[in-house]
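Here's the letter readout for the chains.
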Amino acid sequence: MLEIAVCEDERYQQARIEELLYNVGKKRGIPVEVDVYDNGERLLNAVNKGARYDLIYLDIMMGDMNGVQVADRLRERDRITQVVYVTGYGQYVKESMRTMPSGYLTKPVDPKEFEDTFVRISSWIGQSDEYYRFISNKAPCKVLTRDIIYFKSSLRLVEIVCK
């Protein structure tokens, strides 16, 4: 199940993106759950209260806080969530790059381009190289989490069993 947020201030665009997500998910056999927010502050409040998203579609031009500002604040606590900007304004591409977006869609959203972007990004989710970091003999170490089978603890010694 992919947890997805759509942050868009125009109701028509909210409904359009949500519809595209459910249609593409059904077509590709990818279950999705979509939460819709009409401004960045509501999205950030939800994230601060524990909401976790795999993918966020962000409008750039919204009310008091634009999408790039929202992404900046999201990136302070989460660098894994994929972000796709959806906008009718091309002049923000350079500014938005500092937030590490995974995609950029222009309005009106083309269904084929939307599907291609969604499929590409959904294939990345859960496959990033995440590491378990620890200190051993006063030296920093890291192990790919996908290689860890289990942890074994005996007294004060922890053993990491890997593939």
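Notes on the structure in this doc start here. (Residues numbered from 1 in each chain as written. Predicted model: local features only at pLDDT ≥ 70, side-chain atom pairs only at ≥ 80, totals over all residues. Heavy atoms only, no water.)

Looking only at helices and strands, the protein has 5 helices and 9 strands in total. In sequence order, the protein lays out its α and β elements as β-α-β-α-β-α-β-α-β-α-β-β-β-β. With respect to the three principal axes, the spread of C-alpha positions in the protein is 60 × 35 × 30 Å. The buried share of the protein, taken over its 163 residues, is 40%. Here the contacts in the protein between residues at least 6 apart in sequence split such that 55% fall between residues at least 24 apart. Working note: accessible area of the protein is about 10,100 Å², and carbon and sulfur atoms make up 50% of it. Distance between charge centres in the protein, computed from 24 positive and 25 negative side chains, equals 8 Å. (Helix = DSSP H or I, 4+ residues; strand = E, 2+ residues; numbered from the N terminus. Buried < 20%, exposed > 50% of the residue type's maximum accessible area, 1.4 Å probe, protein only. Contact = heavy atoms within 4.5 Å. Areas by Shrake-Rupley, 256 points an atom, 1.4 Å probe, with all protein chains shown as cover. Lys, Arg positive; Asp, Glu negative; His and termini not counted. Charge placed at Lys NZ, Arg CZ, Asp CG, Glu CD.)

With that settled, the discussion passes to the pairing of strand S9 (residues 157-162). Bridge analysis of strand S8 (residues 148-154) against S9 gives 6 bridges, and the strand direction is antiparallel. Within S9, the position partnered with serine 154 by the bridge is leucine 157. Linkage of S8 to S9, two consecutive antiparallel strands, is achieved through a turn of 2 residues, within which leucine 155 is found at a positive phi near 55 degrees. (Pairing = 2+ DSSP bridges.)

Summed over all chains, the structure comprises 5 aromatic pairs. Where tyrosine 85 meets tyrosine 104, the ring centres are 6.0 Å apart and the plane angle is 55 degrees; that geometry is what we call tilted. Taken together, the residues span a long stretch of sequence, with tyrosine 85 in strand S4 (residues 82-87) and tyrosine 104 in strand S5 (residues 103-106) at a distance of 19 residues. Relative to phenylalanine 151, the ring of tyrosine 132 has its centre 5.1 Å away and its plane inclined at 70 degrees; by these criteria the two rings are edge-to-face. In this pair, tyrosine 132 sits in strand S6 (residues 131-136) while phenylalanine 151 sits in strand S8, placing the two residues 19 residues apart along the sequence. Looking at phenylalanine 151, the relative accessible area reads 42%, which means it is partly exposed. Chaining the aromatic ring pairs together yields one cluster made of Tyr132, Phe134 and Phe151. (Phe/Tyr/Trp six-rings, centres within 6.5 Å; stacked < 30°, edge-to-face > 60°.)

Another aspect to go through is the nonpolar core. Formed by 20 residues in total, the largest nonpolar core has its most connected members in Leu43, Leu58 and Val70. Once you skip the residues sitting within four places of it in the chain, valine 70 turns out to touch Gly40, Leu43, Leu44, Leu58, Met62 and Met65. Of all hydrophobic cores here, the second largest spans 19 residues; its members include Val6, Leu20, Val109 and Phe118. (Core = buried A, V, L, I, M, F, W, Y, C linked by side-chain atoms within 4.5 Å.)

Running from N to C, helix H2 (residues 40-48) and helix H3 (residues 67-77) point in directions that differ by 10 degrees, and their axes come no closer than 10 Å. Considering the angle they form, H2 stands roughly parallel to H3. Taken together, the residues of H3 that come into contact with H2 (itself represented by Gly40, Glu41, Leu43, Leu44, Val47 and Asn48) are Val70, Arg73, Leu74 and Arg77. In the contact of H2 with H3, the residues fall into 5 nonpolar, 2 polar and 3 charged. (Axes fitted to C-alpha atoms, helices over the stretch in contact; angles between N-to-C directions. Parallel < 35°, antiparallel > 145°, perpendicular 65-115°, else oblique. Nonpolar A, V, L, I, M, F, W, Y, C, P; charged D, E, K, R; others polar.)

We now examine the environment of leucine 55. Counting through the fold element by element, leucine 55 comes out in strand S3 (residues 55-59). Judged by relative accessible area, which is 0%, leucine 55 ranks as buried. Separated by 67 residues in the primary sequence, leucine 55 and serine 122 have C-alpha atoms spaced 8.2 Å apart.

Let's shift gears to helix H5 (residues 111-124). Look at H5: 20 Å from first C-alpha to last across 14 residues, which is about the 20 Å you get at 1.5 Å a residue. Within H5, burial applies to Phe114, Glu115, Thr117, Phe118, Ile121 and Ser122. Down the axis of H5, the buried side of the element spans an arc of 165 degrees, and every buried residue falls inside it. Looking at the buried residues of H5, the elements they touch are strand S1 (2-7), helix H1 (11-28), strand S2 (32-37), S3, S4 and S5. (Expected span 1.5 Å × (residues − 1). Arc of directions from axis to C-beta.)

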